[in-house]
Amino acid sequence: MNRIGIYLMVSVFSIISAISGVNGQIISGNDSSFAAGIPKTGHLWGYAFGDYATKAHSDSLNRGGANQYTGVAKNENAFAFRRIYLGYDYNISKKFFTEILLAAEDNITHTSGDGAKTASGDLLSNNKYTFYIKYANVHWKDIWTGTELIIGQSMTPAFSATSEKVWGYRSVERTIADIRRTPSFDLGVSLRGRFDKAAKYGYDLMVGNGNGAVPENNKFKKFYGDLWAKLLNKKLTLQLYADYERLQWTSQWHHETNMIKAFVGYTDKAYAVGVEGFLNHGKNDVAGINASNRDTLNADALGLSIFGRATVIPGKLAAFSRIDFFNPDRHYEADKYESYQGFSSHYEPNTKEKFVTAGLDFTPVSNVHIIPNIWYNSYEGQQAGLVGARKHDYDLVYRVSFNYVFGK
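Residues numbered from 1 in each chain as written. Predicted model: local features only at pLDDT ≥ 70, side-chain atom pairs only at ≥ 80, totals over all residues. Heavy atoms only, no water.

Focus on the overall build of the protein chain
- Along its length, the protein chain carries four helices and 19 strands.
- Out of the 408 residues in the protein chain, the part that is buried amounts to 45%.
- Expressed as a percentage of contacts within the protein chain between residues at least 6 apart in sequence, the contacts between residues at least 24 apart total 60%.
- Surface exposure of the protein chain reaches about 19800 Å², of which carbon and sulfur atoms provide 60%. (Helix = DSSP H or I, 4+ residues; strand = E, 2+ residues; numbered from the N terminus. Buried < 20%, exposed > 50% of the residue type's maximum accessible area, 1.4 Å probe, protein only. Contact = heavy atoms within 4.5 Å. Areas by Shrake-Rupley, 256 points an atom, 1.4 Å probe, with all protein chains shown as cover.)

What about the confidence of the model for the protein chain?
- Summarising the model, the protein chain shows a mean pLDDT of 89, and 87% of its residues fall at 70 or more.
- Low pLDDT, under 50, characterises residues 12-36; the stretch is placed with 30 contacts to residues that sit more than four places away or in other chains.
- Of the regions scoring below 50 in pLDDT, residues 109-119 engages in 23 contacts with residues more than four places distant in sequence or in other chains. (pLDDT = per-residue confidence, 0-100.)

Here we look at the pattern of salt bridges
- Overall, the coordinates contain 16 salt bridges when judged by the stated rule.
- Measuring nitrogen to oxygen at the nearest pair gives 3.2 Å for the salt bridge that ties glutamate 105 to lysine 134. Of this pair, glutamate 105 sits in strand E3 (residues 96-105) while lysine 134 sits in strand E6 (residues 132-144), and the two are 29 residues apart along the sequence.
- Using a relative accessible area of 10% as the deciding quantity, one classes glutamate 105 as buried.
- Residue lysine 134 is classed as buried on the basis of its relative accessible area of 3%.
- Within this structure, Asp51, Arg82 and Arg399 form a network of salt bridges that share partners. (Salt bridge = Lys/Arg side-chain N within 4 Å of Asp/Glu carboxyl O.)

Comments concerning the pairing of strand E2 (residues 77-91)
- Inspection of the sheet shows strand E1 (residues 41-57) paired to E2 by 14 bridges, in the antiparallel sense. Among the inter-strand pairings, alanine 53 is bridged to a residue of E2, identified as alanine 78. (Pairing = 2+ DSSP bridges.)

Observations concerning the packing of aromatic side chains
- Applying the stated criterion to the full structure yields 24 aromatic pairs.
- For the ring pair tyrosine 332 and tyrosine 340, a centre distance of 4.2 Å and an interplane angle of 25 degrees mean the geometry is stacked. Grouping residues by exposure puts tyrosine 332 and tyrosine 340 together as buried.
- Through successive ring pairs, a cluster of aromatic residues spans Trp167, Tyr169, Phe263, Phe307 and Phe320.
- The cationic tip of arginine 180 hangs over the ring face of phenylalanine 326; the distance from NZ or CZ to the ring centre is 3.9 Å. (Phe/Tyr/Trp six-rings, centres within 6.5 Å; stacked < 30°, edge-to-face > 60°. Lys NZ or Arg CZ within 6 Å of the ring centre and 35° of its normal.)

Considerations on the nonpolar core
- Ala158, Phe159, Ile176, Ala177, Met206, Tyr224, Tyr241, Met259, Phe278, Ala301, Phe326 and Tyr347 together form the largest nonpolar core, which totals twelve residues.
- Leave out the neighbours within four places in its chain, and methionine 259 touches Thr182, Tyr241, Ala242, Asp243, Phe278, Leu279, Asn280 and Tyr347. (Core = buried A, V, L, I, M, F, W, Y, C linked by side-chain atoms within 4.5 Å.)

Describing the environment of arginine 330
- Structurally, the position occupied by arginine 330 is in the loop between strand E15 (317-327) and strand E16 (339-342).
- Taking the C-alpha atoms as reference points, arginine 330 and alanine 299, separated by 31 residues in sequence, lie 7.3 Å from one another.
- Residues within four places of arginine 330 in sequence aside, it is in contact with Leu279, Asp300 and Leu302.

Considering the pairing of E3
- By the criterion of burial, E3 is predominantly enclosed, with eight of the ten residues buried.
- Hairpin connection between E2 and E3: a loop of four residues separates the two successive antiparallel strands.
- Relative to E6, E3 runs antiparallel, the two sharing eight bridges. Paired with phenylalanine 96 across the bridge in E6 is tryptophan 140.

Focus on a nonpolar patch on the surface
- Together, Tyr52, Phe79, Phe362, Ile370 and Val400 make up an exposed nonpolar region whose accessible area comes to about 480 Å².
- Residue placement: tyrosine 52 occurs in strand E1.
- Overall, the relative accessible area of 30% leaves tyrosine 52 in the partly exposed class. (Patch = residues over 30% accessible without salt bridge, like charges linked within 9 Å, V, L, I, M, F, W, Y side chains within 5 Å.)

And the structure:
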């Protein structure tokens, strides 16, 4: 999206917000739904987070291509935004709701199995931040009892409404599935429903392009689904999630991925804890390489995340910690192959990872957070014969993060 388009959209949002009345009600005397007693309402909102970060130690092999600190040299430091949101929600009627969300997010450098680096993110060619369209959809509420239909670019059921919500610190780090870039949003069609009036049990089904905000580039679709439950006065959240996508399907190469993920989280006024784990099966997703041959193989990646947060001083100070374990391929055979090459980004097959973060959350006023924290990611090379830093090394970053919210 070019700058003129962004300025126009922001201007429209501002004008709509300015002419809104109490509770965002938009005055329109000629609107038939308003005259019928169904007022249209709109709501402008947003948030941003970022950090001052300094790199205390850098992995000697620049591993960990799915994180923002890979390739950053020791002692480098910077102020940086990692996300800026500007959203507008609009109730067309009692049955129809629409939302649009613009996002600007940090650039990430990805390192492939052969060491090649590519960058992706939301920087222009002149390295300035720009917005892209993250959500743009319409919801048809109660298309049948307890179920809504969503058409457009919207949230997937992967983690945004479950583990990310219980974790509560997206401003510090993504959830473990998000780190591996399981899509948090996609362009497609969804059904979101509940099985009971109390909304204790429900489901989500979605079919989308599998490319997030990027236009479709193949004939295959990604399928998402989950079952969830909220028990013990909705303090206990349970989720069972799965997705499936074909990436290539020719007579020579059947390439597909399938994730199964489970989450258990408990949230109280003073604390929250959660455990999330996944198995991601990649059919013909890696190549085992040695001097004599190159074999295409299946890969099963495992991830486990354990986290907690607690109030120290109500309304003013909280603490949190988290540890993740990631094994890119539980079938790795170091005695048979010199190394592996991965065909799915963010699943570099040669390196196990362990991620740790901990910090404090100071809230001077509601919706403003100052968060000193440590960010640590260790790497264990699985190839035979590795010693020293080539076998074990890590990235360590000290940060003061900030997060502020408006319109909510």
